[in-house]
Amino acid sequence: MKYSGWPEPGELVVGKIDEIEDFGVFVDLDEYEGKRGLCHISEVASGWIKNVRDHVNEGQTVVAKVLDVDESAQQIDLSIKDVNDHQRKEKIQEWKNEQKADNWMELAFGEDLDDESYAAIANELLAEFGSMYDGFESAAIHGMDALEDVDLSDEEIEAIVQTARNNVSVPYVQVTGYVDLSCPESDGVDIIKEALQAAEGNGEVPKEIELEVTYVGSPEYRIQVQAPDYKTAEDALEESADRAAAVVEQHGGSGQFHRERSEDDE
């Protein structure tokens, strides 16, 4: 996907050097339809430059900062030297992610998707998530719920979700905690089993969360949670421990959550 319109001053753009002159280099902007910028020799690299070709090559992909845009003159002034290594790596990764998302759009809607329909769907994802890649990633994690506020048809949403879950590698984080469970009742063993089932969610844990409860040593149980982000994981961990504690406390027992293993069990 290439954007229509013009980049903004201060924006980082990805482009390919398609012409080198003594006074600077021309860069074909990969993200903007039909747009080409000029990077003056003084903006190619720091210090005095004798030969531009000592620093860049034709066909080279570069990240540049937009210095100025003159739409009436059809001119975009760029700087390559004003982009540091961190910005360059981050922008290239963002650009690669959008290329992946462009491919996913084709997988979801077919090669025959016309430009107008493509733009309509893409703009909805951009408006809601900031990028198409983030939209697909969210769909992979949260399914149909991720797109409930996006103005797309059910068929379009289903196509995005299905494609996302088949193709997007979702980043996950894992957190671990412990809960001590005890119950003095004669049927305490059964009550503890019930508490552990509650801790595991009784089959109602959201799809994006993986939760496992294992025995460590009486009265301690380990809870491991895998989720898309730390907040979701931490919330799920504490809710799991709370569910287990609630069950045993209803029967006169006790439940206590803690993040580290008890020293006595080391």
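Residues numbered from 1 in each chain as written. Predicted model: local features only at pLDDT ≥ 70, side-chain atom pairs only at ≥ 80, totals over all residues. Heavy atoms only, no water.

**Digging into the overall build of the protein chain**
Here is step 1 of the chain: Of the regular secondary structure elements, the protein chain holds six helices and nine strands.
Here is step 2 of the chain: In terms of C-alpha radius of gyration, the protein chain reaches 27 Å, well past the compact-globule figure of 18 Å for 266 residues.
Here is step 3 of the chain: In terms of overall dimensions, the protein chain has a C-alpha envelope of 90 × 45 × 25 Å along the principal axes.
Here is step 4 of the chain: Across the 266 residues of the protein chain, 42% fall into the buried class.
Here is step 5 of the chain: When contacts within the protein chain are restricted to residue pairs at least 6 apart in sequence, those whose partners lie at least 24 apart make up 61%. (Helix = DSSP H or I, 4+ residues; strand = E, 2+ residues; numbered from the N terminus. Rg over C-alpha atoms; globule rule 2.2 N^0.38 Å. Buried < 20%, exposed > 50% of the residue type's maximum accessible area, 1.4 Å probe, protein only. Contact = heavy atoms within 4.5 Å.)

**With respect to the domain arrangement of the protein chain**
Here is step 1 of the chain: Domains assigned within the protein chain are domain 1 (11–81), domain 2 (87–167) and domain 3 (173–258).
Here is step 2 of the chain: The C-alpha centroid of domain 3 is placed 36 Å from the C-alpha centroid of domain 2. (Domains from an automatic or database assignment.)

**With respect to the packing of helix H3 (residues 132–142) against helix H4 (residues 154–167)**
Here is step 1 of the chain: Axis separation between H3 and H4 bottoms out at 8 Å; the angle between their running directions is 85 degrees. Judged by the angle between their axes, H3 and H4 are roughly perpendicular. Touching Phe 136, Ala 139, Ala 140, Ile 141 and His 142 of H3 are Ile 160, Val 161, Thr 163, Ala 164 and Arg 165, all from H4.
Here is step 2 of the chain: Grouping the constituent residues of the contact of H3 with H4 by class yields seven nonpolar, two polar and one charged. (Axes fitted to C-alpha atoms, helices over the stretch in contact; angles between N-to-C directions. Parallel < 35°, antiparallel > 145°, perpendicular 65-115°, else oblique. Nonpolar A, V, L, I, M, F, W, Y, C, P; charged D, E, K, R; others polar.)

**A word on the sheet that holds strand S3 (residues 36–40)**
Here is step 1 of the chain: Around the barrel, five strands lie side by side as S1-S2-S3-S5-S4; this closed barrel has mixed pairing. Along the sheet, successive strands turn relative to each other by an average axial angle of 50 degrees, direction set aside.
Here is step 2 of the chain: Two strands pair when backbone bridges link them, and strand S1 (residues 12–21) and strand S4 (residues 61–70) are joined in this way by five bridges, in the antiparallel orientation. Residue pairing across strands places Val 14 opposite Val 63, the latter belonging to S4.
Here is step 3 of the chain: Taken strand by strand, helix H1 (residues 85–109) contacts S1 and S4, and its axis lies near 100 degrees from that of S1. (Pairing = 2+ DSSP bridges.)

**As for the pairing of strand S8 (residues 220–227)**
Here is step 1 of the chain: Two elements, strand S6 (residues 173–182) and S8, share eight bridges in a ladder whose sense is antiparallel. When the sheet's bridge partners are listed, Tyr 178 is paired in S8 with Arg 222.
Here is step 2 of the chain: The pairing of strand S7 (residues 210–217) with S8 spans seven bridges and is antiparallel. Following the sheet pairing, Val 213 is matched in S8 by Ile 223.

**With respect to a negative patch on the surface**
Here is step 1 of the chain: A grouping of Glu 8, Asp 68, Asp 70 and Glu 71 is seen on the molecular surface, where their side chains present a negatively charged patch.
Here is step 2 of the chain: Examined against the element boundaries, Asp 70 turns out to sit in strand S4. (Patch = residues over 30% accessible without salt bridge, like charges linked within 9 Å, V, L, I, M, F, W, Y side chains within 5 Å. Areas by Shrake-Rupley, 256 points an atom, 1.4 Å probe, with all protein chains shown as cover. Salt bridge = Lys/Arg side-chain N within 4 Å of Asp/Glu carboxyl O. Lys, Arg positive; Asp, Glu negative; His and termini not counted. Charge placed at Lys NZ, Arg CZ, Asp CG, Glu CD.)

**Focus on the packing of H1 against helix H2 (residues 115–129)**
Here is step 1 of the chain: With their axes 12 Å apart at the nearest point, H1 and H2 run at an angle of 120 degrees to one another. In the crossing of H1 with H2, the sense of the turn from one axis to the other is right-handed. Two secondary-structure elements touch here, H1 through Asp 102, Met 105 and Phe 109 and H2 through Tyr 118, Ile 121 and Ala 122.
Here is step 2 of the chain: Here the contact of H1 with H2 is composed, by residue class, of five nonpolar, no polar and one charged. (Left-handed = near helix turned anticlockwise from the far one by under 90°.)

**A word on the sheet that holds S7**
The pairing of strands in a sheet comes from backbone hydrogen bonds and takes either a parallel or an antiparallel form.
Here is step 1 of the chain: Ordered by their spatial adjacency, four strands build an open sheet running S7-S8-S6-S9, and the pairing between neighbours is antiparallel. One side of each edge strand has no neighbouring strand; the edge strands of this open sheet are S7 and strand S9 (254–258). If you compare each strand with its neighbour and ignore which way they point, the axes differ by 25 degrees on average.
Here is step 2 of the chain: Contacts between helix H5 (residues 188–199) and the sheet are confined to S6, S7 and S8, with S6 contributing the most and set at about 160 degrees to the helix.
Here is step 3 of the chain: In this fold helix H6 (residues 230–250) packs onto S6, S7, S8 and S9, with an angle of close to 10 degrees to the strand it touches most, S6.

**Describing the pattern of salt bridges**
Here is step 1 of the chain: As enumerated under the stated definition, the model contains eight salt bridges in all.
Here is step 2 of the chain: Here Glu 19 ties to Arg 36 by a salt bridge, and the two come within 2.6 Å at their closest N and O atoms. In this pair, Glu 19 sits in strand S1 while Arg 36 sits in strand S3, placing the two residues 17 residues apart along the sequence.
Here is step 3 of the chain: For Arg 36, a relative accessible area of 36% corresponds to the partly exposed category.
Here is step 4 of the chain: One salt bridge in this structure joins Glu 234 and Arg 259, with 2.7 Å as the shortest N-O distance. Linking Glu 234 in helix H6 with Arg 259 in the segment after S9, this pair joins segments that are 25 residues apart in sequence.
Here is step 5 of the chain: Under the relative-accessibility criterion, Arg 259 is labelled partly exposed at 35%.
Here is step 6 of the chain: Several salt bridges converge on common partners, so that one network encompasses Asp 18, Glu 19 and Arg 36.

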